[in-house]
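Inside the fold
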Amino acid sequence: MMKQWGYEELIDYMGMRKLPKGLAEAYELYQPEEKQELLPHETYETLLAPYDLSPEQKDFLDETLAAVEQDERVLFFSNFFVWDMCSMRNKYDIDNYTELVPECLGNHKQAYAFLILLACVPVSEKEMIRRGIPKEYYEDIPHRMLRDQLTRYKETGRIDVEDMPWKMNFYTLTIFLLDRFLFIPYQHGERFRLYRSRITGRVVGLCETGCTYDKEGQLLSWGFPEDEEEEQEAEAPLSETDNETKQKTNGKYNGYYYSSRKARIPGTFTTTFTEDDKTVTGYYMNPVGCTEERTVTLQKSEYVQVLAPGDWMIALHIPGGEGYTPERMKNSMQLAMDFFAKYYPELPMKGFWSSSWLYDERLRLMLSDDRNIPRVQNLMFRYSDGEDGSMLYVHLFKNLNNALEDCTCETSLQKKAKDMLQRGVRFCTSGMMILMEEAKTGKPYYTPEDKAYWKEASKIWGPQSGEDR
């Protein structure tokens, strides 16, 4: 089947905005099929059947599907969207698609993205069958999103898709629940490398040239070209006074103020990395979650590189609920290693990656070392990935718009976090790596010296765990 329309012609006709990067180039590669429907109607009915939509709500979705399929240009480009979302180009890119709202559909435009996601399910099922993945691994995966999406639709009437990049993982069947945690293939794209000693097994992280950190070792910019604006802002951060003025609303501080707190020590530093035949030299990434303002030199005769940008990892995501323990994480990682080795043998996985507020070493200012959050942290090589405290604030206090003074605290962690935020403590989301070797052995990445450095540096934020109780 030949393309009847050009890319620009179609997006102008549909009135599309905020389309993914590289979509025009992908359109040139698209080999269209002769399809008269967006997705098999039997599949459409089967996916929606468990949710008991009202006749009016179901009719609205039916009308939207009919509007798509009755317009040959909209249907053609919609099938291209589905092909692109399910293709290798986007399969493990969690940040590409943001929204799909075609103005040409009028009142039905808000349901369009939802139907596109539904249409990904049967296409992706074919890929599961091709790989020989048993149905029990993926049959409930899209419903993990459908349950929330259609509950919101029934309760509020809203069917637009929020956080589309995250939801795509479920509708394209690229994420798998293995025991307690969710896993998805991921390519390491951040600008640092990991090296392992052939003698001791110790893993050392070194930043590449051009990464900018504040004086507390928290990342401000990886130094990518698209980060230039952020770098300029980082050179002149808001003072505490200016930040208070900007973030204070109606006489109260909201979550934006508390989550975006800057370093107390002014100034920044930018990393360098050099390499020759015998050595590599770079800024030391302390595996408890910060980069130190000092360089270390590794001898290639002892240290071998075990992770570089572009290497394949298994991204780990944490569903809510009980069971966040090191034992469950170890078991889940073992299942993931076995699963991806069997069903995705073309991806040479080097280990696990994740990012979460739960990995912040500052949580130890509130929690004793025998609690599960610190115990799970002990498994990880943690690093600053440039994120602020927004994730902690949202998870503990529901919404960044909420003023902290008005938040009701039900758990001891909420109470302690509220107190520490009001006393000036800064929290940050952190990234983590667990390479395959440590996933199997559970050997910690940090040394006593790493812990001592952090303990001394963190005194600026107040008492250590147990000292204020």
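Residues numbered from 1 in each chain as written. Predicted model: local features only at pLDDT ≥ 70, side-chain atom pairs only at ≥ 80, totals over all residues. Heavy atoms only, no water.

A separate point is the overall build of the chain. When helices and strands are tallied, the chain shows 17 helices and 17 strands. For the chain, the C-alpha radius of gyration of 24 Å lies close to 23 Å, the compact-globule estimate for 469 residues. Seen through its C-alpha atoms, the chain measures out along the principal axes to roughly 65 × 60 × 40 Å. Residues counted as buried form 53% of the 469 residues belonging to the chain. (Helix = DSSP H or I, 4+ residues; strand = E, 2+ residues; numbered from the N terminus. Rg over C-alpha atoms; globule rule 2.2 N^0.38 Å. Buried < 20%, exposed > 50% of the residue type's maximum accessible area, 1.4 Å probe, protein only.)

Turning to its location among the elements, Ser 259 is positioned in helix α11 (residues 255–259). A sequence separation of 133 residues divides Ser 259 from Leu 392, and the C-alpha atoms of the two residues are 7.9 Å apart. Excluding residues within four positions of it along the chain, Ser 259 makes contact with Asp 388, Gly 389, Ser 390, Tyr 393 and Leu 400. Side-chain polar atoms of Ser 259 contact the backbone oxygen of Tyr 256, separated by 3.4 Å. At a separation of 3.3 Å, a polar atom in the side chain of Ser 259 contacts the side chain of Ser 390. (Contact = heavy atoms within 4.5 Å. Polar contact = N/O pair within 3.5 Å; in protein donor to acceptor, adjacent residues only side chain to side chain.)

Before going further, it helps to examine the state of the cysteines. Summed over all chains, the structure comprises zero disulfides. Take Cys 86: it sits in no disulfide, and the sulfur closest to it among the cysteines is that of Cys 120, at 3.9 Å. The class of Cys 86 is buried, set by a relative accessible area of 13%. (Disulfide = S-S within 2.5 Å.)

Counted according to the given criterion, the structure contains 32 salt bridges. A salt bridge links Asp 214 to Arg 426; its shortest N-O distance comes to 2.8 Å. Linking Asp 214 in strand β5 (residues 212–214) with Arg 426 in the loop between α15 (412–422) and β17 (430–435), this pair joins segments that are 212 residues apart in sequence. Take Asp 214 and Arg 426: they sit in the same class, and that class is buried. A salt bridge links Lys 300 to Glu 275; the nearest nitrogen and oxygen atoms lie 2.8 Å apart. Within this pair, whereas Lys 300 is found in the loop between β12 (290–299) and β13 (303–307), its partner Glu 275 is found in strand β10 (residues 273–275), the two being separated by 25 residues in sequence. When its relative accessible area of 45% is taken as the criterion, Glu 275 is described as partly exposed. (Salt bridge = Lys/Arg side-chain N within 4 Å of Asp/Glu carboxyl O.)

Quick look at the packing of helix α3 (residues 41–48) against helix α4 (residues 55–70) now. Where α3 meets α4, the closest approach of the two axes is 13 Å, and the angle between their N-to-C directions is 155 degrees. By the criterion of interaxial angle, the relationship of α3 to α4 is roughly antiparallel. In this structure, the crossing between α3 and α4 has a hand that is right-handed. Along its contact with α3, which presents His 41, Tyr 44, Glu 45 and Leu 48, the element α4 presents Lys 58, Leu 61, Asp 62, Leu 65 and Glu 69. When grouped by side-chain class, the residues that make up the contact of α3 with α4 number four nonpolar, one polar and four charged. (Axes fitted to C-alpha atoms, helices over the stretch in contact; angles between N-to-C directions. Parallel < 35°, antiparallel > 145°, perpendicular 65-115°, else oblique. Left-handed = near helix turned anticlockwise from the far one by under 90°. Nonpolar A, V, L, I, M, F, W, Y, C, P; charged D, E, K, R; others polar.)

Next up on the list: the side chain of Asp 214. Among the residues examined, Asp 214 registers a relative accessible area of 5% and is labelled buried. Filtering out sequence-adjacent residues up to four positions away, Asp 214 remains in contact with Leu 220, Ala 263, Gly 267, Thr 268, Phe 269 and Arg 426.

Let us now look at the packing of aromatic side chains. Overall, the coordinates contain 37 aromatic pairs when judged by the stated rule. Ring geometry for Phe 269 versus Tyr 283: centroids 5.6 Å apart, planes at 20 degrees, classification stacked. One end of the pair, Phe 269, is in strand β9 (residues 268–270); the other, Tyr 283, is in strand β11 (residues 279–286), with 14 residues separating them in the sequence. Centre to centre, the rings of Phe 339 and Phe 340 are 5.1 Å apart; their planes meet at 85 degrees, and the pair counts as edge-to-face. In this pair, the class of Phe 339 matches that of Phe 340, namely buried. Feature note: the residues Trp 5, Tyr 7, Tyr 27, Tyr 30, Phe 76, Phe 77, Phe 80, Phe 81 and Trp 83 constitute an aromatic cluster, connected by ring pairs. Here the guanidinium or amino end of Arg 180 rests over the ring plane of Phe 181, the centre of that ring lying 5.4 Å away. (Phe/Tyr/Trp six-rings, centres within 6.5 Å; stacked < 30°, edge-to-face > 60°. Lys NZ or Arg CZ within 6 Å of the ring centre and 35° of its normal.)

The next point concerns the sheet that holds strand β6 (residues 219–221). Sheet architecture is open: three strands sit in the order β6-β5-β9, paired in antiparallel fashion. Among the strands making up the open sheet, the edge pair consists of β6 and β9. The average undirected angle you get between the axes of adjacent strands in this sheet is 35 degrees. In this structure, β5 lies alongside β9, joined through three bridges in antiparallel fashion. Opposite Tyr 213, over in β9, you have Phe 269 as the bridge partner. (Pairing = 2+ DSSP bridges.)

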